[in-house]
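A look at the structure
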Amino acid sequence: MIIRPYTEADRPFLRTLFLASRRHSWTWLDDSDWRLEDFDQATLGEHILVAEQDGHRVGFAAVLEQDNFLHSLFVDPDWQGSGAGSALLQAVQRSFTSTGALKCLAENLQAQSFYKKHGWRTVAQGESEQGEYLLMHFVL
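Scope of this entry: the structure provided in the associated data block. (Residues numbered from 1 in each chain as written. Predicted model: local features only at pLDDT ≥ 70, side-chain atom pairs only at ≥ 80, totals over all residues. Heavy atoms only, no water.)

A few words on the overall build of the protein. In terms of regular secondary structure, the protein is built from four helices and seven strands. In the protein, the succession of α and β elements from N to C terminus is β-α-α-β-β-β-α-β-α-β-β. A compact globule built from 140 residues would reach a C-alpha radius of gyration of about 14 Å, and the protein, at 14 Å, matches this within 12%. Across its three principal axes, the protein shows a C-alpha extent of roughly 35 × 35 × 30 Å. Taking all 140 residues of the protein together, 46% fall into the buried category. In the protein, once contacts between residues fewer than 6 apart in sequence are set aside, the share between residues at least 24 apart is 58%. Carbon together with sulfur atoms contributes 49% to the accessible area of the protein, which is approximately 7,600 Å² in total. When the 12 basic and 19 acidic side-chain charges of the protein are each reduced to a single mean position, those positions are 5 Å apart. (Helix = DSSP H or I, 4+ residues; strand = E, 2+ residues; numbered from the N terminus. Rg over C-alpha atoms; globule rule 2.2 N^0.38 Å. Buried < 20%, exposed > 50% of the residue type's maximum accessible area, 1.4 Å probe, protein only. Contact = heavy atoms within 4.5 Å. Areas by Shrake-Rupley, 256 points an atom, 1.4 Å probe, with all protein chains shown as cover. Lys, Arg positive; Asp, Glu negative; His and termini not counted. Charge placed at Lys NZ, Arg CZ, Asp CG, Glu CD.)

In structure tokens, the structure reads:
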């Protein structure tokens with residue numbers, strides 16, 4: 001598994017991956033308004049890492065570096081369980097300069113389990129337009 005910085009050539013595929021991953025994982029939400037271009041808005045101004053296996057893009061993570069905030073981590077549904085998510089998360093965690101943070105949708109039990117397995121802890125709850133979320137921290 002290779003974790004590398006994003007290049008503009010990744011955009012078309014990551015748009016598709018972002019849409020497919022949300023539809024696969026966020027089944028309780030209405031996806032009728034979701035578009036490929038959502039990736040552009042969701043990652044604007046963020047540092048993006050790409051996971052690649054045997055020349056195939058299999059996932060990405062987007063981070064607000066100045067805030068040590070993991071905004072997005074998505075793995076192609078066909079590659080979930082391959083280690084791509086763990087490799088991305090470990091690369092993100094190594095980039096943190098202080099306690100890392102993320103918001104995980106409360107309905108997304110699989111993601112919560114994944115983050116907890118990697119040392120993240122729930123510190124608060126909140127409400128977003130996608131529903132209730134957990135604020136999680138990773139302490140260095």
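Once you've had a look at it, read on.
In this section: the environment of D30. Turning to its location among the elements, D30 is positioned in the loop between α1 (11-25) and α2 (38-42). Overall, D30 belongs to the exposed group, its relative accessible area being 57%. Taking the C-alpha atoms as reference, D30 lies 31 Å from G119; in sequence the two are 89 residues apart. Here S32 takes part through its side chain, which lies 2.9 Å from a polar atom of the side chain of D30. (Polar contact = N/O pair within 3.5 Å; in protein donor to acceptor, adjacent residues only side chain to side chain.)

This part is about the pattern of salt bridges. Taken as a whole and assessed by the stated rule, the structure comprises eight salt bridges. Here D40 ties to R11 by a salt bridge, and the two come within 2.6 Å at their closest N and O atoms. With D40 in helix α2 and R11 in helix α1, this residue pair connects regions lying 29 residues apart in the sequence. Note that R15 is salt-bridged to D40, the shortest N-O span being 2.3 Å. Of this pair, R15 sits in helix α1 while D40 sits in helix α2, placing them 25 residues apart in sequence. Accessibility expressed as a relative area gives 23% for R15, which makes it partly exposed. One network of salt bridges, with partners in common, ties together R4, D10, E52 and R57. (Salt bridge = Lys/Arg side-chain N within 4 Å of Asp/Glu carboxyl O.)

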